[in-house]
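Each chain, written out:
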Amino acid sequence: MRITRTVAGRSRRAAVLATTGLTVPALLLTGCSSDSDSSGSTGPDANGNITLTVADFGQFGYKEAGLFAKYHELHPNITIKEDVTADEKIYYPKLLQQLNSGSGLADVQGIEVGRIKEIADTKADSFVDLGKVIDVDDWVSWKAKQATAPSGAVIGAGTDIGPMSLCYNTELFKKAGLPTDRAEVAKKVEGGWEDYIKLGEEYKKKAPAGTYFMDSASAMFNAVVSSNAEQYYDESGKPIYKESPSVQQGWDLAAEVASKKLSQGLAQFDTNTWVPALRKGTIATVACPAWMAGQISANAGEGNKGKWDITTAPGATAANWGGSFLTVPKSGKNVEEAGKLVKWLTAPEQQAAVFKAIGVFPSNKGAYELPDVKNAKLPYFNDAPIGQIYADEAKSIPEAVLGPKDGVIKDTISTQITNMEQRGTSPDKAWKAATDAIDKAIG
Amino acid sequence: MATSTPTPDAYAPPPGGSPHASARSGRQTWRSRLWRFDDKASPYAYIAPFFLVFGAFGLYPLLYTGWIALHRVEMTGLNQMEWAGWDNFDEILHDAEFWTAVTNTFLIGVMSTVPQLLVALGLAHLLNYRLRASTFWRTVVLTPYATSVASAALVFALVFRADGGLLNWVLHFAGLGDTNWANGHWTSKIAISVIVIWRWTGYNALIYLAAMQAVPADLYEAASLDGASRWQQFRKVTIPSLRPTILFTIVISTIGSMQLFGEPLLLEGGRLGATGGNENQYETLSLYLYNYGWNLGHLGPAAAVAWAMLALLLIIAAVNRLIGRFVRTSAV
């Protein structure tokens, strides 16, 4: 058959061609530009109502303390939407990607202390200088320094800090013939972490079957390192974790715990092992920064209420482990309102409310004198006077030198400590594995 | 069918025509040229959308990844690229963890592909019989494939859990004691292989089934007349007829196991999942890439890993071809 073509036929073809040619790039363009990310910042609507988005991870406690609802009451035109990522290790890479692409960022972004230095060093330009919005002298002295960029801008407002204590299971202590009173336990370990290990050996002699003195030696390692000013980096920003005395001390103690089999060797926060262990009550002690108490009560559950107690850390160690910051990315559509929200959330009254709700300890000094903090007792922990325990300690915490890869270094060493505990890896081999991995990470 | 291209002769000017006529014919040749151009060019325009999309989302990322692999780039500063040449490749090739990942990927690949394809063949053979409600069985076989990796991996993570996992519970009752599945070097690989086998066996079985149904029935008839048993028929008729299909499934499974990512990541999840266990005992190449790029933030070496994976696939394909050629010549 011979196809006879008419002018109409040709123009139809041209039309088809033209539409395909036009629609394909159009599809590509819309595919790239449409912002499907729900956490992205948007401007005010026609009535001047604003929705502020807050992206954070784990447990910041604002929802638990009812603070977002309260802010909406105070400012009826502002609604707050929180986007929580459970695992910080998933949250942070996503944040970096959003910072790189400049889209999808919330009005307020939370950042963990192990990451703040990296952000302050490399991404400070993307964030608002909160030093101009908030009086940073209100915080414990070192908190503002942690979030200060080389340019002098303070990019993060301190939320909480993690003063160290010791959480212990009184029921297991009783069964093992150890004292259960706070002051007596504190006295047993007043000589420091060596005493703590001795107490562990004592516990092991009469311990109920299937229980362990501590959950993980890496927790003790963290507690030891956190009590020193010099940790993984020196003042000039050079990584010194291989020579650092605090790392060395923590590592040796962890190796001792592993060889004496005093710990269950669990990866902390692991939902498959650590959480069930708390629920079943197989762990006698946990090195306990303030926020850890919330983790214990949430994971051990109502069934273990009243069995736990809190006392001062071995050797009355003053250490800070963890704590986060709130930042305001410049790309947001409501930068000014976001700054006001951050200022309000980190003010003494609000930090005290969060402490009351979930036990994360204020970084704002003004909060320490408030009754919600000063007289705080945790019912779950036998009414332990945590306000007093932590506020006393917060004053003497050393000013730690932070480095960009603190979080990664800590995690990598923790993994190798777990290998020593669980697999009986020799300390030398584990240390080599840790340093190899860290060198690669620091790159 | 005739082509639609008009022959030049059809529009040739009549000899000795008037000037007016020749002008018309000149216009006609111009038109015919345009028509011919249209005929030749428009097919390309029709297939262009695919190539545009492929170029944007396939070729460009591939080449850009190669470009990144030759630079020092950090997740924290994507704009600062520093020429590194061969350094990134040198770094990963001298990294013991890379070779662990290669070994793991290979082992898990073999441990999952071989049983998976054997079981799929058997299943397809069974489904090929006259069955009551055969459509139902065929659908059931495909169900695991339709579930998402994430949900399958999460369910199996519960099965293989060290503490209170279903499997350990059963083993405990059988008096075999319990195992920390994710923690062991072999047990973790077995666990991951089981997830892969569970998910993909039905998919392969259906491919085999389709191929089996294309085998002429007279072959079986002749075989049974010759007194061949079912097993002999399967071996001597079905398998040889399925050879190209089997090759296809092997290629697909090899690519699939090279990209194995979700199952190991979710077996333990969290920090341990991202590094393939605390001794990298089940870290695959994709996980290694992910960890390098997203957890450590070094995009250069991560891109180098991607290219190394491509190179490995090409090597496997070449070896596969050689073996195929060897088998064919020796079979004759």
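Residues numbered from 1 in each chain as written. Chains lettered and ligands numbered in written order. Predicted model: local features only at pLDDT ≥ 70, side-chain atom pairs only at ≥ 80, totals over all residues. Heavy atoms only, no water.

Asker: Quick rundown of the overall build of chain B? Include the residues and the values.
Answerer: For chain B, the count of helices and strands is 14 helices and two strands. On C-alpha atoms alone, chain B measures out to a radius of gyration of 29 Å, which is more than a quarter above the 20 Å that the 2.2 N^0.38 rule sets for 332 residues. Projecting the C-alpha coordinates of chain B onto the three principal axes gives extents of approximately 105 × 75 × 40 Å. Taking all 332 residues of chain B together, the buried fraction comes to 38%. Pairs at least 24 apart in sequence give 67% of the contacts found in chain B among residues at least 6 apart. Seen as two clouds, the 21 positive and the 19 negative side-chain charges of chain B have centres 18 Å apart. (Helix = DSSP H or I, 4+ residues; strand = E, 2+ residues; numbered from the N terminus. Rg over C-alpha atoms; globule rule 2.2 N^0.38 Å. Buried < 20%, exposed > 50% of the residue type's maximum accessible area, 1.4 Å probe, protein only. Contact = heavy atoms within 4.5 Å. Lys, Arg positive; Asp, Glu negative; His and termini not counted. Charge placed at Lys NZ, Arg CZ, Asp CG, Glu CD.)

Asker: Could you give an account of a nonpolar patch on the surface, with specific residues and numbers?
Answerer: All names here are of chain B. A cluster of nonpolar side chains, Tyr44, Tyr46, Ile47, Phe50, Phe51, Phe54, Leu59, Leu62, Leu63, Leu310 and Leu314, forms an exposed patch at the surface whose accessible area comes to about 1100 Å². Position of leucine 62 relative to the elements: it lies in helix H1 (residues 19–69). Judged by its relative accessible area of 37%, leucine 62 falls in the partly exposed class. (Patch = residues over 30% accessible without salt bridge, like charges linked within 9 Å, V, L, I, M, F, W, Y side chains within 5 Å. Areas by Shrake-Rupley, 256 points an atom, 1.4 Å probe, with all protein chains shown as cover. Salt bridge = Lys/Arg side-chain N within 4 Å of Asp/Glu carboxyl O.)

Asker: With reference to specific residues and values, describe the state of the cysteines.
Answerer: All names here are of chain A. This model, assessed by the stated rule, comprises one disulfide over all chains. In this model, cysteine 167 is linked to cysteine 288 through a disulfide, with the two sulfur atoms separated by 1.9 Å. Every disulfide takes its handedness from the sign of the S-S torsion; for cysteine 167 and cysteine 288 that torsion is -75 degrees, giving left-handed. Placement of cysteine 167 in strand S6 (residues 164–169) and of cysteine 288 in strand S8 (residues 283–289) is noted, with a sequence separation of 121 residues between them. (Disulfide = S-S within 2.5 Å.)

Asker: Hey, could you go over the environment of tyrosine 71 of chain A for me, with residue numbers and the actual values?
Answerer: Residue and element names in this part refer to chain A. In this fold, tyrosine 71 is placed in helix H2 (residues 67–74). For tyrosine 71, a relative accessible area of 2% corresponds to the buried category. Along the chain, tyrosine 71 and tryptophan 344 lie 273 residues apart, while their C-alpha atoms are 8.7 Å from each other. What tyrosine 71 contacts, discounting residues up to four positions off in sequence, is Ile78, Ile80, Glu337, Lys340, Leu341 and Trp344.

Asker: So what's going on with the packing of helix H9 (residues 217–226) of chain A against helix H17 (residues 406–423) of chain A? Residues and values would help.
Answerer: All names here are of chain A. Interhelical geometry of H9 versus H17 gives an angle of 140 degrees and a closest axis separation of 8 Å. The angle between the axes of H9 and H17 places the two elements in the oblique class. You can see that H9 and H17 cross each other, and the crossing is right-handed. Together, Ala217, Ser218, Phe221 and Asn222 of H9 and Lys410, Ile413, Ser414, Ile417 and Glu421 of H17 make up the contact between the two elements. (Axes fitted to C-alpha atoms, helices over the stretch in contact; angles between N-to-C directions. Parallel < 35°, antiparallel > 145°, perpendicular 65-115°, else oblique. Left-handed = near helix turned anticlockwise from the far one by under 90°.)

Asker: For the pairing of strand S9 (residues 308–312) of chain A, give the residues involved together with the corresponding values.
Answerer: Residues and elements named next belong to chain A. Most of S9 sits inside the fold, with four of its five residues counted as buried. By the bridge criterion, five bridges tie S6 to S9 in an arrangement that is antiparallel. Across the sheet, serine 165 pairs through a bridge with threonine 312, a residue of S9. (Pairing = 2+ DSSP bridges.)

Asker: Tell me about the side chain of threonine 245 of chain B, residues and numbers included.
Answerer: Residues and elements named next belong to chain B. Inspection of the secondary structure assignment puts threonine 245 in helix H10 (residues 243–258). Owing to a relative accessible area of 16%, threonine 245 belongs among the buried residues under this scheme. Among residues more than four places away in sequence, those in contact with threonine 245 are Ile207, Tyr208 and Ala211.

Asker: Explain the sheet that holds strand S7 (residues 212–214) of chain A to me, using residue names and the numbers behind them.
Answerer: Residues and elements named next belong to chain A. Reading across from one edge, S7-S8-S6-S9 is the order of the four strands in this open sheet, with mixed pairing throughout. The outermost strands of the open sheet, each flanked by one partner alone, are S7 and S9. Mean inter-strand twist for the sheet, computed between neighbouring axes without regard to direction, equals 20 degrees. Against the sheet, helix H16 (residues 386–394) makes contact with S6, S8 and S9, and its axis sits at roughly 30 degrees relative to S9, the strand it touches most.

Asker: With reference to specific residues and values, describe the packing of aromatic side chains.
Answerer: By the definition in use, this model includes 37 aromatic pairs over all chains. With a centroid separation of 5.1 Å and an interplanar angle of 85 degrees, the aromatic rings of phenylalanine 57 of chain A and phenylalanine 60 of chain A are classed as edge-to-face. You can call phenylalanine 57 of chain A buried: its relative accessible area is 7%. Taking 5.9 Å as the distance between ring centres and 55 degrees as the angle between the ring planes, the aromatic pair formed by tryptophan 67 of chain B and tryptophan 83 of chain B counts as tilted. Within this pair, whereas tryptophan 67 of chain B is found in helix H1, its partner tryptophan 83 of chain B is found in strand S2 (residues 77–83), the two being separated by 16 residues in sequence. Accessibility expressed as a relative area gives 52% for tryptophan 83 of chain B, which makes it exposed. Each residue in the set Tyr168, Phe173, Trp193, Tyr196, Tyr203 and Phe213 of chain A is aromatic and connected to the rest through ring pairs, giving one cluster. (Phe/Tyr/Trp six-rings, centres within 6.5 Å; stacked < 30°, edge-to-face > 60°.)

Asker: Which residues make up the packing of helix H4 (residues 134–146) of chain B against helix H7 (residues 185–213) of chain B, and what values go with them?
Answerer: All names here are of chain B. It is the contact of H4 with H7, at a shortest axis distance of 6 Å, that shows an interaxial angle of 140 degrees. By the angle between their axes, H4 is oblique relative to H7. Pair H4 / H7 crosses with left-handed handedness. For the pair formed by H4 and H7, the contact residues are Arg138, Val141, Leu142, Pro144 and Tyr145 on the first element and Trp198, Arg199, Trp200, Gly202, Tyr203, Ala205, Leu206, Leu209 and Gln213 on the second. Of the residues contributing to the contact of H4 with H7, the split by class is 10 nonpolar, two polar and two charged. (Nonpolar A, V, L, I, M, F, W, Y, C, P; charged D, E, K, R; others polar.)

Asker: Could you give me a rundown of the confidence of the model for chain B, with the residues and numbers involved?
Answerer: In the predicted model, chain B carries a mean pLDDT of 87, and 91% of its residues have values of at least 70. Across chain B, the element-wise mean pLDDT spans from 81 in helix H12 (residues 270–274) of chain B up to 95 in helix H2 (residues 87–93) of chain B. (pLDDT = per-residue confidence, 0-100.)

Asker: Now, about the nonpolar core: what can you tell me, with residues and values included?
Answerer: Ile310, Phe361 and Phe381 of chain A are the most contacted members of the largest nonpolar core, which has 158 residues in total. Look past the residues within four positions of phenylalanine 361 of chain A in its chain and what remains in contact with it is Thr159, Asp160, Ile161, Pro163, Ala290, Phe355, Tyr368, Val373, Gly387, Tyr390, Ala391 and Ala394 of chain A. Core analysis: the second largest hydrophobic core is formed by 18 residues, Ala124, Ala211, Tyr220 and Val237 of chain B among them. (Core = buried A, V, L, I, M, F, W, Y, C linked by side-chain atoms within 4.5 Å.)

Asker: Account for the pattern of salt bridges, naming residues and giving values.
Answerer: A complete count under the given rule lists 22 salt bridges over all chains for this structure. As a salt-bridge pair, arginine 423 of chain A and glutamate 279 of chain B come within 3.3 Å of each other at their nearest N and O atoms. Residue arginine 423 of chain A is found in helix H17, and its partner glutamate 279 of chain B is found in the loop between H12 and helix H13 (285–295); the two belong to separate chains. Judged by its relative accessible area of 25%, arginine 423 of chain A is partly exposed. Ionic contacts of the salt-bridge type, sharing partners, join the residues Glu201, Glu256 and Lys260 of chain A into one network.

Asker: With reference to specific residues and values, describe the environment of arginine 182 of chain A.
Answerer: All names here are of chain A. Structurally, the position occupied by arginine 182 is in helix H7 (residues 182–188). Its relative accessible area of 25% is what places arginine 182 among the partly exposed residues. For the pair arginine 182 and leucine 105, spaced 77 residues apart in sequence, the C-alpha separation works out to 46 Å. Not counting residues up to four positions away in its chain, the partners in contact with arginine 182 are Tyr168, Asp309, Ile310, Thr311, Phe381, Asn382, Asp383, Ala384 and Pro385.

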